[in-house]
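# Architecture and fold: a report
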Amino acid sequence: MILLFIFLFAQYSSTKSYVIKDVEQDSFNLARFYSVRFEEILSKSAIIPTMVAAYLDTSTSEATGNTQEYLGKIIRKHPFIYSAGIAYEPGEAPESRQGLFFPTSYSRNGKIYFSGGKNPGYDYTTESWYKEAKETGKPGWSAPHIDPNNTGMLLFSYSAPFYQEGRFKGVASVSISLEQVIRQINNIRLARTGYAFLVGRNGEYLAFPDHTRILNGNIRDFNDQLGQLMINGKMGLIETRDPLRNERCLIVYHPAADSGLSLGFVYPEREVMLDLYVMEIKTLLLGLLGMASLLVVTIIISNSVITPVSKLAEGVSKMAQGQLNYKITVDATSSEVFELARAYNLLSENIENQINEIRKMEAEKERMESEIAIARRIQSSVIPSISDAECRKHKIDIAGITLPARDVGGDFYDFFFIDEDRVGFMLGDASGKGVPAAIYMAVCRALLRASALRGAGPGECLTSANKMLCGENYPDMFITVFYGILNTKTGALSYSNGGHMPPVVFHNGNTVLMEDPGNIPLGIDRKTTFSSEVISCIDGIVLYSDGVTDARNTDGDFFTTERLQETISARMSYNSATIMNQTGEILKQFADKTEQGDDITILVLKRN
């Protein structure tokens, strides 16, 4: 009896920690499910304003001359988007329109409406989605806000500024409705009375059982520690009080994708622990019942089960020695012993079947790992190399590296000698990660190299590859590419940039960040043409993917283009391999223990 109570106490202590871990793990899985769904919508939505802004940067009229048709086409093509609009800076609208001008298309009840651009009661220049894009000069997600079209709908907007001749002209923006996400979160039930809630990047409630607190309440007012953790995008579990009922509870918090929003899951402590208490009571009763039954059975049939039990013991011994198909036959007057023997035989058969299934699963796992390893070796084999003798012959110093975020990645770099004095080089970054991005990257690299080796100029190569990519069915895939041809004797550089990060150029003992031409990536618009630009003389160039500048440290800070340029400037007198290696080491020190979120690629070329 004493041993039973000791067992129950130890089981309670260990089971309690397991219950808490299960609550945390279940909530993390639920949060990841919603984060993945939310991330798909966010990533697809974020592409559109950036494309519109890139187009308007170089356009002298508003979106192909027909704003209503242009914006309506966006809504029809992307049904997950609620509205799309072009907000002009006052006095900068086309056709001499004065004051505020914000033409918008939005979807309601399956129909698409157009606002016309004039709404005297709405000053969008005071909204966060407009001000942040104007002040930072960068695209991004704003804080959630109420629909200006008087629907009362809660929206989440992604905005991108656009310019003409370096002058700020306005903001291109799309909005997605959070109503469906909020309804799904409000329908989540945890334990018996638990619930889920959603907060914005400043801690304001976006989804909460008490609807009066939405946008009017803040998690920090209830628990500042929890609020700071959720605002900073952390994940974990905290024991605190319920913000709705003010009773003891467990709250699991997890970021909602890369949106600045955070999910919370509330489990009342009394309900979680009640199941544990019930389980302990049942275990105690079953233990007592089992002890009593064992005592009675032992007294009644001890003599009649010695031989059958010996056979059972022999069967167990055979099983322990690996003879899983060993069966036993028991002639017993006791039905319990007979059932025990039958159960043993069934257990032996089930264990053998399970082992066979495990072997099949292990074989399948090994096959998949082998295929991924082969894909990784194939991708590594296409990375170009050059000997010291070739470098001296062509008076060029080249070094490159690519680090996939997964087993295989969507980044690539390539270089090749067109003739004795000219070297062609390129660096690309396909959308997404993993095997799909690697395949898409390989197709684009093959198209570009084929055009380049025929002697086509950079702009012509990108234009030809873009048409081929758009002609195939690659849904939601695109790639940014920079391709240049460097004359190693004169230093003249001919290049074309397809939406890629601006390279760092060595010129007259200084580093200069090349201007961004504002081109869109390849694979988006078949009609897009890319021109070749020329720089008269450079000493070297550094190409990189956005996995370098977008790398984050444990505080969530980005590495940034400015920090990259400073790192390269301090080492521009070194050879290419040293610049590449030391830049990679500094990037690694900056990220510390933060998981690599994107493929990282660096290519350095210097004239000798």
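Residues numbered from 1 in each chain as written. Predicted model: local features only at pLDDT ≥ 70, side-chain atom pairs only at ≥ 80, totals over all residues. Heavy atoms only, no water.

## Focus on the overall build of the chain
Operational definition: Numbering of helices and strands starts at the N terminus; helices are DSSP runs of H or I of at least 4 residues and strands are runs of E of at least 2. Burial classes follow relative accessibility: with a 1.4 Å probe on protein chains only, a residue under 20% of its type's maximum area counts as buried, one over 50% as exposed, and anything between as partly exposed. Any two residues having at least one pair of non-hydrogen atoms within 4.5 Å are treated as being in contact. Per-residue and other accessible areas were derived by the Shrake-Rupley procedure at a 1.4 Å probe size, with only the shown protein chains allowed to occlude residues.
Per the secondary structure count, the chain includes 15 helices and 22 strands. Counting over 608 residues, the chain shows a buried share of 43%. In the chain, once contacts between residues fewer than 6 apart in sequence are set aside, the share between residues at least 24 apart is 63%. Element-wise, carbon and sulfur atoms account for 53% of the exposed surface of the chain, whose accessible area totals about 31500 Å².

## Things to note about the sheet that holds strand 15 (residues 422–430)
Threshold: The criterion for strand pairing is that DSSP finds at least two bridges linking the strands in question. To obtain an axis, a line is fitted to C-alpha atoms, over the contacting stretch when the element is a helix, and the angle between two such axes runs from 0 to 180 degrees between their N-to-C directions.
Spatially, the five strands line up as an open sheet ordered 14-15-16-17-20, and their pairing is antiparallel. Only two strands of the sheet have a single neighbouring strand rather than two, namely strand 14 (411–417) and strand 20 (533–535). Across the sheet, the mean angle from the axis of one strand to that of its neighbour is 15°, orientation sign disregarded. Where strand 14 meets strand 15, seven bridges bridge the pair, whose relative direction is antiparallel.

## Considerations on the packing of aromatic side chains
Here a ring pair, both rings aromatic, is described through the centre-centre distance and the interplanar angle of the planes. Put simply, the rule reads: Any two of the Phe, Tyr and Trp rings considered here, Trp counted by its six-membered ring, make a pair once their centres fall within 6.5 Å; the pair's planes then place it as stacked at under 30 degrees, edge-to-face at over 60, or tilted in between.
As enumerated under the stated definition, the model contains 23 aromatic pairs in all. Relative to Trp 129, the ring of Phe 102 lies with its centre 5.3 Å away and its plane at 35°, an arrangement referred to as tilted. Taken together, the positions of Phe 102 in the loop between strand 1 (83–88) and strand 2 (104–108) and Trp 129 in helix 3 (residues 128–136) put the pair 27 residues apart, joining distant regions of the chain. In this pair, the class of Phe 102 matches that of Trp 129, namely buried.

## Thoughts on the nonpolar core
The condition is simple: Put simply, a nonpolar core is a bunch of buried Ala, Val, Leu, Ile, Met, Phe, Trp, Tyr and Cys residues held in one set by side-chain atoms that sit within 4.5 Å of each other.
Grouped together as the largest cluster of nonpolar side chains are 59 residues, with contacts concentrated most on Phe 38 and Phe 265. Looking at which element gives the most residues to this core, the answer is helix 1 (residues 2–58), with 12 residues. Not counting the four nearest positions on each side in its chain, Phe 265 is found in contact with Ser 27, Leu 30, Ala 31, Ile 188, Leu 190, Tyr 195, Ala 196, Phe 197, Leu 250, Ile 251 and Val 252. Judged by nonpolar contacts, the second largest core, of 22 residues, contains Ala 430, Met 441, Cys 444 and Ala 452.

## Here's the deal with the pairing of strand 21 (residues 540–544)
For strand 21, a buried count of five out of five residues is recorded, marking the element as mostly surrounded by other parts of the structure. Side chains of strand 21 alternate between two faces, with Gly 540, Val 542 and Tyr 544 and Ile 541 and Leu 543 buried alike. When strand 18 (residues 504–507) meets strand 21, the two strands line up antiparallel, connected through three bridges. Bridge pairing links Val 505 to Ile 541 in strand 21.

## A short note on the sheet that holds strand 8 (residues 195–199)
Taken in spatial order, the five strands of this open sheet run 9-8-12-11-10, and their pairing is antiparallel. Edge positions in the open sheet fall to strand 9 (205–207) and strand 10 (236–241), since each of these has one partner strand only. The mean angle between the axes of side-by-side strands here comes to 35°, regardless of whether they run parallel or antiparallel. In this sheet, strand 9 lies alongside strand 8 in antiparallel orientation, the contact comprising two bridges. Note that in strand 9 the partner of Val 199 across the bridge is Tyr 205. Here helix 4 (residues 179–186) sits on the sheet in contact with strand 8, strand 9 and strand 12 (261–268), set at roughly 80° to strand 9. Of the strands in this sheet, strand 8, strand 10, strand 11 (248–256) and strand 12 touch helix 6 (residues 224–231), which is tilted by about 20° from strand 11.

## Observations regarding the packing of helix 14 (residues 561–569) against helix 15 (residues 576–591)
Put simply, the rule is: Roughly parallel refers to an angle under 35 degrees, roughly antiparallel to one over 145, roughly perpendicular to one between 65 and 115, and oblique to any angle outside these ranges. Each helix crossing is assigned a hand: it is left-handed if the near helix lies turned anticlockwise from the far helix by less than a right angle, otherwise right-handed if that turn is clockwise. For this classification, Asp, Glu, Lys and Arg are treated as charged, while Ala, Val, Leu, Ile, Met, Phe, Trp, Tyr, Cys and Pro are nonpolar and the rest, including Gly, are polar.
Where helix 14 meets helix 15, the closest approach of the two axes is 10 Å, and the angle between their N-to-C directions is 140°. Looking at the two axes, helix 14 sits oblique to helix 15. The interaxial crossing formed by helix 14 with helix 15 has right-handed handedness. For the pair helix 14 and helix 15, the contacting residues are Arg 563, Leu 564, Thr 567 and Ile 568 in the first and Thr 583, Ile 586 and Phe 590 in the second. For the contact of helix 14 with helix 15, the residue count by class is four nonpolar, two polar and one charged.

## Quick word on the layout of surface pockets
The rolling of a water-molecule-sized probe over the atoms marks out the regions of remaining empty space. The cut-off we apply is this: Detection works on a 1 Å grid of protein atoms alone, calling trapped sets that fit a 1.4 Å probe cavities and calling open sets with protein on both sides within 12 Å along at least five of seven lines pockets, with lining residues defined by an atom within 4 Å of a point. Grid points are joined across faces, edges and corners, and a volume is the space filled by probe spheres set on the points.
There is about 510 Å³ of room inside the second largest pocket. The wall of the second largest pocket is formed by 26 residues, among which Ile 41, Phe 80, Ser 177, Gln 180 and Val 181 lie closest to the centre. Elements that contribute at least two residues to the lining of the second largest pocket include exactly helix 1, strand 2, strand 7 (167–177), helix 4 and strand 12. Considering each element in turn, the lining of the second largest pocket owes the most residues, six residues, to helix 4. When the residues that make up the lining of the second largest pocket are grouped by side-chain class, the tally is 16 nonpolar, six polar and four charged.

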